[in-house]
Amino acid sequence: MPDVARPYAASNALEDTGQMPALFVRERQTAPPPPRSTGPDFDRIQHGKEFVALRKTFRRFVFPMSLLFFTWYMTFVLLAAYAHDFMSRKVIGEVNVGILLGLGQFASTVLITIAYLRFANKRLDPKVERLRASVEAGER
């Protein structure tokens with residue numbers, strides 16, 4: 001930035017432009033690539049048959065369960081929005097269909113969580129342990 005207090009003073013190119021003049025710029029040297037780490041080869045693990053099988057097992061549970069829950073949730077929301085007569089129908093005393101279906105949302109969430117925990121403990125965790133053991137043993 002030019003010196004406004006001394007308009008005829010010699011200026012500095014770095015101050016005027018914020019960049020060094022081309023005369024002083026050194027040619028950049030490319031740094032050597034960093035050495036390869038000695039950790040696991042994650043790309044090979046990801047494409048290995050054990051990991052692919054693990055991912056397939058996981059998806060067989062999660063996708064259908066997610067679709068089922070989303071359908072159940074959207075049915076509840078659409079009924080609450082457009083089927084007022086049905087949702088306000090009394091079942092027991094002051095308890096109506098809407099309250100029961102709303103409580104059913106909480107119950108289904110708990111049941112899905114329990115089902116996933118059992119599934120993961122029984123089917124996923126043993127596969128994960130075998131994969132981890134093979135990676136730590138240096139097979140991958």
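Refer to the structure presented above.
Bear in mind that the values here come from a model prediction, so they are computed numbers and not experimental data.

Caption draft 1: Just helix H5 (residues 97–136), in detail. The first and last C-alpha atoms of H5 sit 54 Å apart over 40 residues, in line with the 58 Å expected at 1.5 Å per residue. Considering bend angle alone, the principal kink of H5 is centred on Ala-120 and spans about 45°. If you check the start of H5, you find a side-chain oxygen 3.2 Å away from the backbone N of Gly-98, and it comes from Asn-96.

Caption draft 2: Seen up close, the side chain of Thr-57. Inspection of the secondary structure assignment puts Thr-57 in helix H3 (residues 49–82). We classify Thr-57 as buried; its relative accessible area is 12%.

Caption draft 3: Spatial organisation of the packing of H3 against H5. Where H3 meets H5, the axes come as close as 10 Å, and the angle between the chain directions of the two elements is 175°. Here H5 runs roughly antiparallel to H3, going by the angle between their axes. In the contact of H3 with H5, the residues fall into 20 nonpolar, 8 polar and 3 charged.

Rules used in this analysis
Residues numbered from 1 in each chain as written. Predicted model: local features only at pLDDT ≥ 70, side-chain atom pairs only at ≥ 80, totals over all residues. Heavy atoms only, no water. Helix = DSSP H or I, 4+ residues; strand = E, 2+ residues; numbered from the N terminus. Expected span 1.5 Å × (residues − 1). Bend = angle between axes of the 7 residues up to and from the residue. Polar contact = N/O pair within 3.5 Å; in protein donor to acceptor, adjacent residues only side chain to side chain. Buried < 20%, exposed > 50% of the residue type's maximum accessible area, 1.4 Å probe, protein only. Axes fitted to C-alpha atoms, helices over the stretch in contact; angles between N-to-C directions. Parallel < 35°, antiparallel > 145°, perpendicular 65-115°, else oblique. Nonpolar A, V, L, I, M, F, W, Y, C, P; charged D, E, K, R; others polar.

Honestly, it's all geometry; don't read function into it.
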